[in-house]
Amino acid sequence: MSCCIERGSLNHEKENLVEALGMTPEEKVLASKILDEALKKGRISEMLEVVWSSEGCEAVSLQAKIYATFKLGMDVYRIILEDILLRGGEGEEKPQ
């Protein structure tokens, strides 16, 4: 398995990450399933393990793993922000 992508293989003209990585629609679906499984875990290290473990490695392209990792980071950040908003920005000074 290759551990890196070739320089210049990304299409920087594409706005969509899936297209920029050159992923097929099937790869996006597979990456999304992996991402859903990862988000069920309690710790970020466990989430990353789901994405990057050798289990099913041949079935998942490096591009799909990169996509899933990027989306994982965005989803974790979203979850944290939503939690902060639900708590009313606890810890921050509120205007009087």
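First, a word on scope: everything that follows refers to the structure included in this document. What you are looking at is a predicted structure, and each value in this text was computed from that prediction instead of being measured.

## Some details on the environment of Leu21
Within the element layout of this structure, Leu21 appears in helix α1 (residues 17-21). When its relative accessible area of 7% is taken as the criterion, Leu21 is described as buried. When the C-alpha positions of Leu21 and Gln63 are compared, they lie 6.0 Å apart, and in sequence the two are 42 residues distant. Leave out the neighbours within four places in its chain, and Leu21 touches Leu10, Gln63, Ile66 and Tyr67.

## Quick look at helix α2 (residues 25-39)
Here α2 is 15 residues long and its end C-alpha atoms lie 21 Å apart, about the 21 Å a rise of 1.5 Å per residue gives. Within α2, the full set of buried residues consists of Ala31, Ile34, Leu35 and Ala38. Viewed end-on, α2 has its buried residues packed into an arc of 105°, placing them on one side of the element. Opposite its buried face, α2 presents the exposed residues Pro25, Glu26 and Lys33, each directed more than 90 degrees away. Looking at the buried positions of α2, the neighbouring elements they touch are α3 (44-52) and α4 (62-86).

## Structural notes on the pattern of salt bridges
With the rule as written, the count across this model stands at three salt bridges. For Glu82, the salt bridge is made with Arg78, and the minimal N-O distance between the two is 3.2 Å. With Glu82 and Arg78 both in helix α4 and four residues apart, this pair spans about one turn of that helix. Each member of the salt-bridge network shares a partner with another, and the members are Asp75, Arg78 and Glu82.

## Digging into the side chain of Ser61
If you trace the backbone, Ser61 turns up in the loop between α3 and α4. Classification of Ser61 by relative accessible area gives buried; the value is 18%. One polar contact links Ser61 to Glu27, side chain to side chain, over a distance of 2.6 Å.

Here is what the cut-offs are and how they apply
Residues numbered from 1 in each chain as written. Predicted model: local features only at pLDDT ≥ 70, side-chain atom pairs only at ≥ 80, totals over all residues. Heavy atoms only, no water. Helix = DSSP H or I, 4+ residues; strand = E, 2+ residues; numbered from the N terminus. Buried < 20%, exposed > 50% of the residue type's maximum accessible area, 1.4 Å probe, protein only. Contact = heavy atoms within 4.5 Å. Expected span 1.5 Å × (residues − 1). Arc of directions from axis to C-beta. Salt bridge = Lys/Arg side-chain N within 4 Å of Asp/Glu carboxyl O. Polar contact = N/O pair within 3.5 Å; in protein donor to acceptor, adjacent residues only side chain to side chain.

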